[in-house]
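Here is what each chain is made of, one letter per residue.
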Amino acid sequence: MVTAFAPGKCILFGEHAVVYGQPAVAVSIDAGVEVTIRESNSWILEGMPFEPSRHPHISHIIDDIFDYTGRPLKIDIKSGLFSAAGLGSSAALSNSMGAALHHLVNPDEPLDLISLARIGHSAEANAQKGRASPTDTATSALGGCVVVSGERVKGTQHVFDATLETPEGSRSWSICRASLPQVDDTWIVLGFTGIGSPTGRMVAGVAELIERDPQKMDDIRAIGEITSSGLASLSKGDMESVGFAMNSCHEKLRNIGVSCPEIESLISAVENHSLGTKLTGAGGGGCMVSLTRHPRRVAECIEIAGGKPLVSKLGSEGARIL
Ligand code: PMV
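Residues numbered from 1 in each chain as written. Predicted model: local features only at pLDDT ≥ 70, side-chain atom pairs only at ≥ 80, totals over all residues. Heavy atoms only, no water.

J.: What should I look at first to understand the side chain of His-60 in this one?
T.: Relative to the assigned elements, His-60 resides in helix H1 (residues 56-65). Under the relative-accessibility criterion, His-60 is labelled buried at 9%. Looking at His-60, its side chain comes within polar contact range of the side chain of Ser-122, at 2.7 Å. (Helix = DSSP H or I, 4+ residues; strand = E, 2+ residues; numbered from the N terminus. Buried < 20%, exposed > 50% of the residue type's maximum accessible area, 1.4 Å probe, protein only. Polar contact = N/O pair within 3.5 Å; in protein donor to acceptor, adjacent residues only side chain to side chain.)

J.: Which parts of the structure should I look at to understand the pattern of salt bridges?
T.: Pairing is possible between side chains of opposite charge, provided their charged atoms come close. Per the stated rule, a full pass over the model turns up 15 salt bridges. Where Asp-185 meets Arg-293, a salt bridge forms, and the shortest distance between an N and an O atom there is 3.3 Å. Of this pair, Asp-185 sits in the loop between strand E8 (169-178) and strand E9 (187-192) while Arg-293 is found in the loop between strand E11 (287-292) and helix H9 (295-304), placing the two residues 108 residues apart along the sequence. Note that Glu-264 and Arg-254 form a salt bridge whose closest N and O atoms lie 2.9 Å from each other. In this pair, Glu-264 is assigned in helix H8 (residues 261-270) and Arg-254 in helix H7 (residues 239-255), connecting sequence segments 10 residues apart. Judged by relative accessible area, which is 22%, Glu-264 ranks as partly exposed. Under the relative-accessibility criterion, Arg-254 is labelled partly exposed at 43%. Ionic contacts of the salt-bridge type, sharing partners, join the residues Arg-38, Lys-74 and Asp-76 into one network. (Salt bridge = Lys/Arg side-chain N within 4 Å of Asp/Glu carboxyl O.)

J.: What exactly am I supposed to notice about the sheet that holds E11 here?
T.: Sheet strands associate in pairs through backbone hydrogen bonding, adopting either a parallel or an antiparallel arrangement. Strand order in the open sheet formed by four strands is E10-E11-E9-E12, and the pairing between neighbours is antiparallel. Each edge of the sheet is formed by a strand with only one pairing partner; in this case those strands are strand E10 (276-280) and strand E12 (308-312). The average undirected angle you get between the axes of adjacent strands in this sheet is 25°. Looking at chain direction, E9 and E11 are connected through six bridges and run antiparallel. Residue pairing across strands places Val-189 opposite Ser-290, the latter belonging to E11. Contacts between H7 and the sheet are confined to E10 and E11, with E10 contributing the most and set at about 45° to the helix. (Pairing = 2+ DSSP bridges. Axes fitted to C-alpha atoms, helices over the stretch in contact; angles between N-to-C directions. Contact = heavy atoms within 4.5 Å.)

J.: Quick question: what am I supposed to make of the site of the ligand here?
T.: Neighbouring residues of the ligand: 13 residues in total, closest Lys-9, His-16, Val-18, Thr-199 and Ala-282. Gly-86 has a polar backbone atom sitting 3.4 Å from an oxygen atom of the ligand. For the ligand, the protein covers 85% of the area, taking 380 Å² as the surface of the free molecule. Elements with a contribution of two residues or more to the shell around the ligand: strand E1 (2-13) and helix H5 (199-212). In the shell around the ligand, the residues fall into five nonpolar, five polar and three charged. (Near = heavy atom within 4 Å. Areas by Shrake-Rupley, 256 points an atom, 1.4 Å probe, with all protein chains shown as cover. Nonpolar A, V, L, I, M, F, W, Y, C, P; charged D, E, K, R; others polar.)

J.: What is the right way to read the domain arrangement of the protein from this model?
T.: When the parts of a complex come together, some accessible area is lost, and that lost area is often taken as the interface size. When its domains are assigned, the protein resolves into domain 1 (2-179) and domain 2 (187-312). Between domain 1 and domain 2, the C-alpha centre-to-centre distance is 23 Å. With 31 residues of domain 1 at the contact, the number on the domain 2 side is 43 residues. Roughly 2600 Å² is buried in total at the junction of domain 1 and domain 2, and carbon and sulfur atoms are behind 73% of that figure. Looking at the side of domain 1 facing domain 2, the largest losses of area belong to Phe-13, His-16 and Phe-82, adding up to 27% of the total buried there. At the boundary of domain 1 with domain 2, the tally comes to one salt bridge. In this structure, the salt-bridge partner of Lys-278 is Glu-15, at a minimum N-O distance of 2.9 Å. Linking domain 1 with domain 2 are nine residue pairs in polar contact (both at pLDDT 80 or more). If you list the elements that add at least two residues to the side of domain 1 that touches domain 2, you get E1, strand E2 (24-39) and strand E6 (145-149). Taken together, the residues of the side of domain 1 that touches domain 2 break down into 21 nonpolar, eight polar and two charged. (Domains from an automatic or database assignment. Buried area = accessible area lost by both parts, 1.4 Å probe.)

J.: Is there a simple way to explain the packing of aromatic side chains in this structure?
T.: Two numbers describe a pair of aromatic rings. These are the distance of the centres and the angle of the planes. Evaluated as defined, the whole model comprises three aromatic pairs. When the centroid spacing of 6.0 Å and the interplanar angle of 35° are considered together, the rings of Trp-43 and Phe-50 count as tilted. Among the aromatic residues, those joined into a cluster by ring pairs are Trp-43, Phe-50 and Tyr-68. (Phe/Tyr/Trp six-rings, centres within 6.5 Å; stacked < 30°, edge-to-face > 60°.)

J.: What am I meant to see in the pairing of E6 here?
T.: Successive side chains on a regular strand alternate, one facing one side of the sheet and the next facing the other. The buried fraction of E6 is high, at five of five residues. Of the two faces of E6, the one lined by Cys-145, Val-147 and Ser-149 and the one lined by Val-146 and Val-148 are each fully buried. Bridge count for E2 against E6 is four bridges, and the pairing is antiparallel. Paired with Val-25 across the bridge in E6 is Val-147.

J.: I keep staring at the pairing of E11 and nothing clicks. Help me out?
T.: E11 sits mainly inside the fold: six of its six residues count as buried. Of the two faces of E11, both are covered, the one formed by Cys-287, Val-289 and Leu-291 as well as the one formed by Met-288, Ser-290 and Thr-292. A loop of six residues connects E10 with E11, the two strands running antiparallel in sequence, and Gly-281 in this loop sits at a positive phi of about 95°.

This is the structure in structure tokens:
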């Protein structure tokens, strides 16, 4: 029997702008997905017969990545993440499945987190018609603070490059690590609106907006600049400035039409207790994030406003065998 865990992620800066080559900054969060696999007489997922076509991430890892021909597996999944909420739950599932199967097949070979990030990215791309950024899978595999960009970002440590053949042509990204300050008095609190975040639709909506109004590219470039200054503040441990950059980033995200009334209402509920607040992920639903020194207060305010809170440190350990 093998159990593996991979964390979810929160994008602090750069969502949507990253689609246009700007950098994005994400941190892993404490909550994630745990997968347990054990050999069995038949293929079972969560107590039911396993139907590969209904679980493309898992079946891609078993068949295409590992070409697994061993005994059938009983697979159990425990998730601490809201799904379709922009917290990277499918990336965390892919990474923990990849880590668990790697350990079952090669028990003496240590887990290589870069290979795991590539496995997770391949599973996401396979399940999303060839379109997936490596942000979620890299952050979940490596843990800590990860910067994904069209080109290497100054002040970060380059880890690996990822390329993907998409229906729109070949895309490549540079994946870097950024150092996180030793701050033990600041948390992030995620607030889930309860509405699924339709990433594909939101990305398409931004593309249409820019086509109608090319001036909106100014907002995309501004998000890129805010991301760089937010990252510099984060590396220095200047959390007030990080919060300020988050607020500015959210204003630009609003300008490109990706916020929604439910996100705005959770943000209003917590802004007095936060260093900064913004939507995180694709928007149109999904989650907002508060950077705060009062996590319990913020979590209460989110609940009162009708959202579901999740408190985390910034940047937990990455994927691992338990
Ligand atoms: O909803 P998420 O966490 O998958 O975030 C999407 C981030 C976008 O920038 C909107 C899309 C992307 O591929 O980077």
